[in-house]
Amino acid sequence: MSARVAGKVAFITGAARGQGRSHAERLAQEGADIIAVDICGPISANSPIAPATADDLAQTVDLVKGLGRRIVAAEVDVRDFGALQAALDSGVEQLGRLDIVVANAGIGNGGQTLDKTSETDWTDMIDVNLSGVWKTVKAAVPHLLSGGRGGSIVLTSSVGGLKAYPHTGHYIAAKHGVVGLMRSFAVELGQHGIRVNSVHPTNVNTPMFMNDATMKLFRPDLADPGPDDLKAIAQVMHTLPVGWVEPVDISNAVLFLASEEARYITGLTLTVDAGSMLK
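Conventions used here
Residues numbered from 1 in each chain as written. Predicted model: local features only at pLDDT ≥ 70, side-chain atom pairs only at ≥ 80, totals over all residues. Heavy atoms only, no water. Axes fitted to C-alpha atoms, helices over the stretch in contact; angles between N-to-C directions. Helix = DSSP H or I, 4+ residues; strand = E, 2+ residues; numbered from the N terminus. Left-handed = near helix turned anticlockwise from the far one by under 90°. Contact = heavy atoms within 4.5 Å. Nonpolar A, V, L, I, M, F, W, Y, C, P; charged D, E, K, R; others polar. 1 Å grid on protein atoms, 1.4 Å probe; cavity = no way out; pocket = protein on both sides within 12 Å on 5 of 7 lines; lining within 4 Å. Points joined across faces, edges and corners; volume = space filled by probe spheres on them. Salt bridge = Lys/Arg side-chain N within 4 Å of Asp/Glu carboxyl O. Buried < 20%, exposed > 50% of the residue type's maximum accessible area, 1.4 Å probe, protein only.

(A) Expanded view of the packing of helix H3 (residues 81–95) against helix H4 (residues 119–147). Where H3 meets H4, the closest approach of the two axes is 9 Å, and the angle between their N-to-C directions is 35 degrees. Read as a crossing pair, H3 and H4 show a hand that is right-handed. Seen from H3, the contacting residues are Phe-81, Leu-84, Gln-85, Leu-88, Asp-89 and Val-92; seen from H4, they are Lys-135, Thr-136, Lys-138, Ala-139, Ala-140 and His-143. Across the contact of H3 with H4, the residue classes break down as six nonpolar, three polar and three charged.

(B) Representation of the layout of surface pockets. By volume, the second largest pocket is sized at about 220 Å³. Lining the second largest pocket we find 15 residues, and of these Arg-149, Gly-151, Gly-193, Arg-195 and Glu-260 sit closest to its centre. At the level of secondary structure, the elements contributing two or more residues to the lining of the second largest pocket comprise strand E5 (151–156) and strand E6 (194–201). Taken together, the residues of the lining of the second largest pocket sort by class into two nonpolar, six polar and seven charged.

(C) Spatial organisation of the pattern of salt bridges. The tally for this structure, following the rule as stated, stands at 10 salt bridges. Among the ionic pairs, Arg-70 bridges to Asp-33, the shortest N-O distance being 2.9 Å. A residue pair is termed long-range when its members are at least 10 positions apart, and Arg-70 in the loop between helix H2 (54–66) and strand E3 (71–75) and Asp-33 in strand E2 (residues 33–38) qualify at 37 residues. Its relative accessible area of 43% is what places Arg-70 among the partly exposed residues. For Asp-33, a relative accessible area of 4% corresponds to the buried category. Between Asp-221 and Arg-219 there is a salt bridge, with the nearest N and O atoms lying 2.7 Å from each other. The exposure class assigned to Asp-221 is exposed, which follows from its relative accessible area of 52%. The exposure class assigned to Arg-219 is buried, which follows from its relative accessible area of 13%.

Encoded structure:
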């Protein structure tokens, strides 16, 4: 085991599964202890994606402990600033410090054009994917400042934070907003040695992308599309011949930004997109 973030503590939202779990595991592999939160339940009744569960978060805990690292986990909704702050305060008290923040929690819903998007879908999207990111960083900054060691904040955006796609306008708006948060926090916190960057994945092999609703959105021409049908269209989005990337590909980018290898990198929009931005 190498030790690119040895002795550091990372706060990760949306850590029960998918990219969040992968980030927790990858940072733990490189020596970090973890504070992990996830809502472990549905955001809204009409979401097409099955929510993460308490068992999912427990599995993340087991994975991190299996790597010999400490972890403090809690079921928290990133829309609830008080609960988020309390969970983080407790984690820092138990683990002794905070160095890395990964604001990863996010949702996908809807699938309509913007003019037909419901107010509920819009509100849920902005509250989680934009305001939840702001609240995560807001809760973390006092701990980073009091530590006096600087720190690294990584915000999960998307290629949809850099360009538009149809039928996901509320998601596009939220993820573009994350870039604005990243740049503003980078300007405000740089004097304290705190770096702030964003990662911009393309399609990722997680439940948020690999689900029936997404497959039908990509392949409305088929009655019952599957992964192979999805891949045929998703690959067209990329320069490299793949339909999606794996969670660890994003985690490796997060690890780099959190490590000393990126000590003078701040305000960066780092794409992990198989060349999607070239199209």
